[in-house]
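# Coordinate inspection notes
Each chain is listed here by its residues.
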Amino acid sequence: MTQLPLSQERIESLNAQASEALEDDYASLGRQLGRRGVDIDQIKDRVAGFSVAIPSWGSGRGGTRFAKFPIAGEPTNIHEKLEDCAVVQQLSRVTPRVSPHFPWDKVADYGGLREEASELGLGFDAINSNTFQDQAGQPLSYATGSLSANDPAVRAQAVEHNVECIEIGEKLGSDALTVWVGDGTNFPGQQDLARSYDRYLEAAAGIYAALPENWRMLLEHKMYEPAFYSSVIADWGSSILAAQELGEKAQCLVDLGHHAPNTNIEQIVARLHRFGKLGGFHFNDSKYGDDDLDSGSINPHQLFLVFNELVEAELNPRSGFRPAYMIDQSHNVTDPIESLLSSAEAIAGCYAKALLVDRDALHQAQNDNDTMMAFQALRTAYRTDVTPILALARAESGGAIDPIAAYRESGWRARKAQERNVVGLGAGIV
Ligand code: LRH
Ligand code: MN
């Protein structure tokens, strides 16, 4: 029996206070969209079917290499992280799955963890492996690489860890493994750029061979950090070639923060989709590097353009097109639950705006080389305030019309500050 963390009655009574204004806003937007030949209820139904997974590590405060500033009542283990993820799902109703990270979320009983999550109304999305840190008691270090390491024993250890993550994922009901490696160099000449890639391919094939029938392996590229001269899987090119080399179950995952500033990420999305290799996303935002800021907080237009490509992709599906949508952020200065609520809204909002694009007008203008009318087809959708659609879709599925207000009103964080251990000072992402 699902045991939701917050009082559903309290959420509904807060909604009751806001429903009249919402209905008025929804009706007014409905008339506006109706004049554009759009049925607002159809858009609401598509939005109600949309979901994005939240990262277990995003439910706690994140940090940088300089420092991490914990908050009282933040989760200290996977059980408390699931509770907070359930608060986000109960209020937003678009985040029903958690993407865990191992060994950060290691427990003794994964069947029990799956049950625990299900009782909170949650499931598990892609599993994230970790060969970018050394764990206490680990026989061999990843200091000189993991899947691309010179030492075959280190590569074997990294493959073994990923295979263990697949076994854990099967117990949790997941069907995908995300493989991001920090492998790379800080000095020209430090490693051979071709041979290190070949070692990565050989090792990744060992992971691929362990994938169950219906599973996928999502390769996550990243331009730099922790390596600052070369990264083995630095860009979408290195990633798609590896995915093609590995096989059908291997696809590419696009973390929005893993590109050089001003990279046209929406075009990368279109290219990966063209070759049936668009496996998933880690949504976040950034201004400079891999800042892992809240989705849509810096460049919401880019997020909209990414979803514009995804809606085009839905209209032109390729084999294996079922992208895994996940958030991957580091909440260094906000309450993580509020950032996840705000980010889920921004992501679902960009999907809703992309659904509002008049595709016939866009395609006609493109065929006619009518640049301005093609741009205006996107801009008209982008400047539409879809808040009433998101709020009504949320309220109709039991969520809050104003999730952050309902969260603050719940007193959840203060209550957890009484119950939970204090997280120590430190640095780094978790
Ligand atoms: C690497 C990354 C990867 C995760 C880590 C937490 O920057 O985006 O997806 O494993 O962050
Ligand atoms: Mn990521």
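All of the points below concern the structure found in this document. Predicted model, so just to flag it, every value in this text is computed and none were measured.

All right, on to the coordination of the manganese ion (ligand 2) then. All of the protein donors around the manganese ion (ligand 2) are Glu 220 (OE), Asp 255 (OD), His 282 (ND1) and Asp 328 (OD); their distances to the metal are 2.1 to 2.2 Å. Since its relative accessible area comes to 1%, His 282 is described here as buried.

Here we take up empty space enclosed by the protein. For the coordinates displayed, the defined rule picks out one cavity of 30 Å³ or more. Considered as a void within the structure, the largest cavity measures approximately 40 Å³ in volume. Every residue along the wall of the largest cavity is listed here: Trp 180, Val 181, Gly 182, Asp 183, Lys 222, Tyr 224, Glu 225, Pro 226, Ser 231 and Ile 233. Per-class residue counts for the lining of the largest cavity are five nonpolar, two polar and three charged.

We now examine the packing of helix 10 (residues 336-355) against helix 13 (residues 387-396). Their axes nearest at 10 Å, the elements helix 10 and helix 13 cross at an angle of 115°. When the axes of helix 10 and helix 13 are compared, the crossing they make is right-handed. Contacts between helix 10 and helix 13 involve Glu 345, Ala 348, Gly 349 and Ala 352 on the former and, on the latter, Thr 387, Leu 390 and Arg 394.

This paragraph deals with the environment of Ala 234. The residue Ala 234 is located in the loop between strand 8 (230-231) and helix 7 (236-246) in this model. Overall, the relative accessible area of 18% leaves Ala 234 in the buried class. Separated by 50 residues in the primary sequence, Ala 234 and Gly 184 place their C-alpha atoms 8.8 Å from one another. If we skip the residues at most four places from it in the chain, Ala 234 touches His 221, Lys 222, Met 223 and His 258.

Bringing the site of ligand 1 into the picture now. The full set close to ligand 1 counts twelve residues, and His 101, Glu 220, Lys 222, Asp 255 and Asp 328 are the nearest of them. Between ligand 1 and the protein, one listed contact pairs an oxygen atom with a side-chain N or O atom of His 258 at 3.2 Å. For ligand 1, the accessible surface in isolation is 300 Å², of which the surrounding protein chains cover 95%. Considering only residue class, the shell around ligand 1 consists of four nonpolar, three polar and five charged.

Mapping Arg 155 onto the fold places it in helix 5 (residues 152-172). Given a relative accessible area of 12%, Arg 155 falls into the buried group. A distance of 2.9 Å separates a polar side-chain atom of Arg 155 from the backbone oxygen of Asn 150.

Taken as a whole, the second largest pocket holds about 470 Å³ of empty space. Along the walls of the second largest pocket sit 27 residues, with Gly 145, Gly 182, Asp 183, Gly 184 and Thr 185 positioned nearest its centre. With four residues, the top contributor of residues to the lining of the second largest pocket is helix 6 (residues 193-208). For the lining of the second largest pocket, the class distribution of residues is nine nonpolar, 15 polar and three charged.

What counts as what
Residues numbered from 1 in each chain as written. Chains lettered and ligands numbered in written order. Predicted model: local features only at pLDDT ≥ 70, side-chain atom pairs only at ≥ 80, totals over all residues. Heavy atoms only, no water. Donors = N, O, S within 2.8 Å, 3.2 Å for Na, K, Ca; no water. Buried < 20%, exposed > 50% of the residue type's maximum accessible area, 1.4 Å probe, protein only. 1 Å grid on protein atoms, 1.4 Å probe; cavity = no way out; pocket = protein on both sides within 12 Å on 5 of 7 lines; lining within 4 Å. Points joined across faces, edges and corners; volume = space filled by probe spheres on them. Nonpolar A, V, L, I, M, F, W, Y, C, P; charged D, E, K, R; others polar. Axes fitted to C-alpha atoms, helices over the stretch in contact; angles between N-to-C directions. Helix = DSSP H or I, 4+ residues; strand = E, 2+ residues; numbered from the N terminus. Left-handed = near helix turned anticlockwise from the far one by under 90°. Contact = heavy atoms within 4.5 Å. Near = heavy atom within 4 Å. Polar contact = N/O pair within 3.5 Å; in protein donor to acceptor, adjacent residues only side chain to side chain. Areas by Shrake-Rupley, 256 points an atom, 1.4 Å probe, with all protein chains shown as cover.

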